[in-house]
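Working through the structure, step by step
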Amino acid sequence: MIVVGALSAFIGLRAFLIPHHLIDGGVTGVAMLLASVFHLSLPLLLVILNIPFIILGVQRLGLRFGLRCGVSILLFVSLLQLVPMDMVTPDRLLSAIFGGVFLGAGLGLVIRGGAVLDGTEIFALILERQLPFSLGDVILVLNIGIFLSAALFLGVEAALYSILTYWSASRFADFIISGIEEYNGLLIVSEKHEQIRQQIYERFRRGVTVFRGQDIDILFCVITRFELPLMREMLGDIDDQAFFVSYRIDDASGGLTQRRLVSGMPH
């Protein structure tokens, strides 16, 4: 995944973004901005700017994680340095969108492989543990300054296209990381909780956690977004007065989070 991800990100930059002087966010965006304004070597800038973050990652997140990040970044930089590639389309809008798609797919695959392609993500992971903000909030604040600088040095139009690239990349990266089977947490309150629990296991092969209450039990389970309509239908058939809340879960593992039985009977 790291190799394919680095290749996808390389295509996004070399074939779509660089020919149109568009940038992404994070360290990669800073390097692209500096390379475009001062006519410097983009691969060299990527190495120099990412080294402090890799060292920080080794110190705070472990040697294995830091080495994986170093390998993925070096592979990405080597492709940029050694492999030539022509511009795919002269259309700036298409380049902004599809450059973001390829870049986002690459970032998502590398993250799924246990590494990152951008030192900003390492910094945000560390900073997130110390501040009451989410990872997305931290990265967003860091990128605001980058795109304001792009508007100043590259022009407002280039900055707006770059924001579109960043949005496209972040959406596609989320899709790759979460996968097509995006998980949803489900809380269910019903007097017929025992019947509902049995049906969730029999129909969906999902484990159910029961929160014991004095008057009524509350059920919690994890399903995919495609199973949510079927779950609503099942709840309506059993108890049309049942109260339930669903919300997105970024990650889930263990227990009965897949259709196959992972570890024994549900609790």
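None of the values given here were measured: they were computed from a predicted structure.

So, about the overall build of the protein. When helices and strands are counted, the protein shows ten helices and four strands. Secondary structure elements in the protein, listed N-terminal to C-terminal, are α-α-α-α-α-α-α-α-β-α-β-β-α-β. Expressed as a percentage of its 267 residues, the buried residues of the protein come to 44%. Restricting to contacts in the protein with at least 6 residues of sequence separation, those with at least 24 account for 75%. Within the structure as shown, the protein displays about 14200 Å² of accessible surface, and the carbon and sulfur contribution to it stands at 63%.

Turning our eyes to something else, we now look at the environment of serine 72. Mapped onto the fold, serine 72 is located in helix H4 (residues 63-82). In sequence terms serine 72 and glycine 113 are 41 residues apart; their C-alpha atoms lie 9.6 Å from each other. If we skip the residues at most four places from it in the chain, serine 72 touches Ile2, Ala6, Val110, Ala115, Val116 and Leu117. Within the structure, serine 72 has its side chain in polar contact with the backbone oxygen of cysteine 69 (distance 2.8 Å).

In this structure, histidine 39 takes a positive phi of about 55° despite not being glycine. One can find histidine 39 in the loop between helix H2 (26-38) and helix H3 (42-61). We note that arginine 205 has phi near 55°; this positive angle belongs to a residue other than glycine. Relative to the helices and strands, arginine 205 is located in the loop between helix H9 (193-204) and strand S2 (209-211).

Now for the pattern of salt bridges. Within this structure, the stated rule accounts for five salt bridges. Between arginine 212 and aspartate 217 there is a salt bridge whose closest N-O contact spans 2.6 Å.

Next up on the list: the pairing of strand S3 (residues 218-224). The buried fraction of S3 is high, at five of seven residues. When strand S1 (residues 183-189) meets S3, the two strands line up antiparallel, connected through seven bridges. By the bridge assignment for S3, valine 189 is matched with isoleucine 218. For S2 and S3, the ladder comprises three bridges, and the chain directions are antiparallel.

So, about helix H10 (residues 228-238). Those residues of H10 that sit buried are Leu228, Met231, Met234, Leu235 and Ile238. Seen end-on, H10 carries its buried residues on one side only, within an arc spanning 120°. Residues of H10 that are exposed and point over 90 degrees away from its buried face: Glu233 and Asp237. Packing partners of the buried residues in H10 comprise S1, H9, S3 and strand S4 (243-249).

Next up on the list: the packing of aromatic side chains. According to the stated counting rule, one finds three aromatic pairs in the structure shown. Of note, arginine 205 hangs over the ring of tyrosine 201, and the distance from its end group to the ring centre comes to 4.9 Å.

You can see threonine 89 is positioned in the loop between H4 and helix H5 (92-112). The class for threonine 89 is buried, based on a relative accessible area of 15%. Sequence-distant contacts of threonine 89, defined by excluding residues within four places in its chain, comprise Phe16, His20, Leu94 and Ser95.

Helix length check: H5 (21 residues) gives 30 Å between terminal C-alpha atoms against 30 Å at 1.5 Å per residue, within 8%. Among all positions of H5, only Ser95, Ala96, Gly99, Gly100, Val101, Leu103, Gly104, Ala105, Gly106, Leu107, Gly108 and Val110 are buried. The N-cap of H5, judged by a side-chain oxygen 2.9 Å from the amide nitrogen of leucine 93 a few residues on, is aspartate 91. Two residues or fewer after H5 comes glycine 114, characterised by a positive phi angle close to 90°.

Cut-offs used in this document
Residues numbered from 1 in each chain as written. Predicted model: local features only at pLDDT ≥ 70, side-chain atom pairs only at ≥ 80, totals over all residues. Heavy atoms only, no water. Helix = DSSP H or I, 4+ residues; strand = E, 2+ residues; numbered from the N terminus. Buried < 20%, exposed > 50% of the residue type's maximum accessible area, 1.4 Å probe, protein only. Contact = heavy atoms within 4.5 Å. Areas by Shrake-Rupley, 256 points an atom, 1.4 Å probe, with all protein chains shown as cover. Polar contact = N/O pair within 3.5 Å; in protein donor to acceptor, adjacent residues only side chain to side chain. Salt bridge = Lys/Arg side-chain N within 4 Å of Asp/Glu carboxyl O. Pairing = 2+ DSSP bridges. Arc of directions from axis to C-beta. Phe/Tyr/Trp six-rings, centres within 6.5 Å; stacked < 30°, edge-to-face > 60°. Lys NZ or Arg CZ within 6 Å of the ring centre and 35° of its normal. Expected span 1.5 Å × (residues − 1).

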